[in-house]
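Understanding the architecture of this molecule
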Amino acid sequence: MSDQEQAVSEFKSKSGVKRIFSAFFYSIDGFKSAWKNEHAFRQELILVVIGAIAALALPVSSFEKLMMIASLLLILVVELINSAIEAVVDRVSLERHSLSKNAKDFGSAAVLLTLLISLATWGVILFNRFYY
């Protein structure tokens, strides 16, 4: 294969409306798999549902509600990416390796940062609403 030719996966999606529908159903499969196989995703999803209900019930502005819920959803986004990293690392090899550990630890650190962002978002909004 020359430098100009690139290998294309047989699983690569096509263009058009069919691709959009396929992508949607792949996403649903991803949510199902995350719910079934990832304990952290299930715990965080429960946190997001409870938090979203609380945010909607709080006497804060619509924008503040949006930011509170968005910060929670960001946790799920990063958790899904972290789970994808872990799956790829495990697919490549289950043997212990410092690079595998780094990849998994980096993903975990990203989840922690999003949790802290969400905590800070909620803290600032609630402090300004109730104590400022």
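Let me begin by describing the structure that accompanies this report.

Reading the values: the criteria
Residues numbered from 1 in each chain as written. Predicted model: local features only at pLDDT ≥ 70, side-chain atom pairs only at ≥ 80, totals over all residues. Heavy atoms only, no water. Patch = residues over 30% accessible without salt bridge, like charges linked within 9 Å, V, L, I, M, F, W, Y side chains within 5 Å. Areas by Shrake-Rupley, 256 points an atom, 1.4 Å probe, with all protein chains shown as cover. Salt bridge = Lys/Arg side-chain N within 4 Å of Asp/Glu carboxyl O. Helix = DSSP H or I, 4+ residues; strand = E, 2+ residues; numbered from the N terminus. Buried < 20%, exposed > 50% of the residue type's maximum accessible area, 1.4 Å probe, protein only. Lys, Arg positive; Asp, Glu negative; His and termini not counted. Contact = heavy atoms within 4.5 Å.

1. So, a nonpolar patch on the surface
Where nonpolar side chains cluster on the molecular surface, the patch consists of L47, L112, L113, L115, L116 and L119 and spans about 560 Å² of accessible area. It is helix α4 (residues 98-130) that provides the largest number of residues to the nonpolar patch, a total of five residues. With respect to the element layout, L47 can be found in helix α2 (residues 39-57). Overall, L47 belongs to the partly exposed group, its relative accessible area being 41%.

2. Comments concerning the side chain of E44
Looking at where E44 falls in the secondary structure, it is placed in helix α2. For E44, which is buried and forms no salt bridge, the nearest opposite charge comes from R42, at a distance of 11 Å. Beyond its immediate sequence surroundings of up to four residues, E44 is in contact with I75, L76, E79 and V111.

3. So, the environment of L80
Relative to the assigned elements, L80 resides in helix α3 (residues 62-92). Judged by relative accessible area, L80 falls into the partly exposed class, the value being 28%. For the pair L80 and A7, spaced 73 residues apart in the sequence, the C-alpha separation amounts to 27 Å.

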